[in-house]
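Notes for the structure review
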Amino acid sequence: MCWSATADLVAGTAIAAVGAGCVARTIRARRPRDLPLAALPLLLGAHQIVESVVWRSGGGTGWATLAWAVIALPVLALWVPAGVVCAAPRRARGRLLIPLAAGAVTAAGLTYALATRTVTAEIRGHTVGYALGLPHAGLLVAGYLLATVGSLLLSADRGLVLLGVLVAAGAAVCAALWRWEFVSTWCAFAAVCSVALLWWTGRSAGQPVRRRPQRDRQPSGPGTPEG
């Protein structure tokens, strides 16, 4: 991933296929609350395919660069915490409102930045660097990490916590190795990690939805026969 247009295209197609499988499993299990997270690999796979277009365009400021930035920045900042709130156990939803609020505020700030500034992509060897010139970049990055990684770690779901640990470790590695290409490399790493959601949806599918037992209605009245 992030090595060439072909690598992004092949990997993105494979990850999107995994996302389609996650969605299909979730639908079969009749768990509509899990659908936003189940569709995450589908979104991230499409994201990598868009980056393959950025590669072939030689970077720059074209539509593919903007589409990549829109998905990577405001969309994921809101999508991930909202999906976690939907899928998490009821006992965890109260504390998950914090990363959800952080995601909403961060997404608003990133959307404004994308609407008023020009995002550019630059091919740097085997990676792609994106530049937007964000105001208050430190606060936006902190809000972004709280929304995405924080929501997974606070989800109280073992599978989602594991995904959060993997994504957090990936963020640390990408920041250390590719400071200026952090966003691109971390998104690629997160896309690979999202394959873990196939296991998560399969595990959920093996647990049937519990339904409240219906009480047997006893007929009453003067004409009711006694058994």
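So, a few notes on the structure that sits alongside this text.

The rules we used
Residues numbered from 1 in each chain as written. Predicted model: local features only at pLDDT ≥ 70, side-chain atom pairs only at ≥ 80, totals over all residues. Heavy atoms only, no water. Salt bridge = Lys/Arg side-chain N within 4 Å of Asp/Glu carboxyl O. Buried < 20%, exposed > 50% of the residue type's maximum accessible area, 1.4 Å probe, protein only. Helix = DSSP H or I, 4+ residues; strand = E, 2+ residues; numbered from the N terminus. Pairing = 2+ DSSP bridges. Core = buried A, V, L, I, M, F, W, Y, C linked by side-chain atoms within 4.5 Å. Contact = heavy atoms within 4.5 Å. Lys, Arg positive; Asp, Glu negative; His and termini not counted. Polar contact = N/O pair within 3.5 Å; in protein donor to acceptor, adjacent residues only side chain to side chain. Axes fitted to C-alpha atoms, helices over the stretch in contact; angles between N-to-C directions. Parallel < 35°, antiparallel > 145°, perpendicular 65-115°, else oblique. Left-handed = near helix turned anticlockwise from the far one by under 90°. Nonpolar A, V, L, I, M, F, W, Y, C, P; charged D, E, K, R; others polar.

Moving on, we get to the pattern of salt bridges. For the structure on display, the rule yields 1 salt bridge. The partner of arginine 124 in a salt bridge is glutamate 122, and the shortest N-O contact between them spans 3.3 Å. For arginine 124, a relative accessible area of 29% puts it in the partly exposed group.

Among the 5 residues that make up strand β2 (residues 127–131), 4 are buried, leaving the element largely enclosed by the rest of the structure. As defined by bridge partners, strand β1 (residues 120–124) adjoins β2 across 5 bridges and the pair is classed as antiparallel. Within β2, the position partnered with isoleucine 123 by the bridge is valine 128. The antiparallel hairpin formed by β1 and β2 contains 2 residues in its connecting segment, where glycine 125 sits at a positive phi of about 70°.

Another aspect to go through is the nonpolar core. One finds Leu37, Leu40, Trp68, Leu76, Val84 and Leu197 to be the most contacted residues of the largest nonpolar core, which totals 48 residues. Residue contributions to this core peak at 12 residues, all from helix α4 (residues 63–87). Ignoring any residue separated from it by four or fewer positions in sequence, one finds leucine 76 in contact with Leu40, Leu43, Leu44, Ile71, Pro81, Tyr144 and Thr148.

Attention now goes to the side chain of glutamate 51. Tracing the backbone through its elements, the reader meets glutamate 51 in helix α3 (residues 40–56). Although glutamate 51 lies buried, it forms no salt bridge, and the closest oppositely charged side chain, arginine 124, sits 11 Å away as judged by the N-O distance. At a separation of 2.8 Å, a polar atom in the side chain of glutamate 51 contacts the side chain of tyrosine 130.

Take the packing of α4 against helix α5 (residues 93–116) next. In the contact formed by α4 and α5, the axes pass within 8 Å of each other and the chain directions differ by 165°. Taken together, the axes of α4 and α5 lie roughly antiparallel to each other. For the element pair α4 and α5, the recorded crossing hand is left-handed. Seen from α4, the contacting residues are Leu66, Ala69, Val70, Leu73, Pro74, Ala77, Leu78, Pro81, Ala82, Val84, Val85 and Cys86; seen from α5, they are Arg93, Leu96, Pro99, Leu100, Gly103, Ala104, Thr106, Ala107, Leu110, Thr111 and Leu114. Along the lines of polarity and charge, the residues of the contact of α4 with α5 split into 19 nonpolar, 3 polar and 1 charged.

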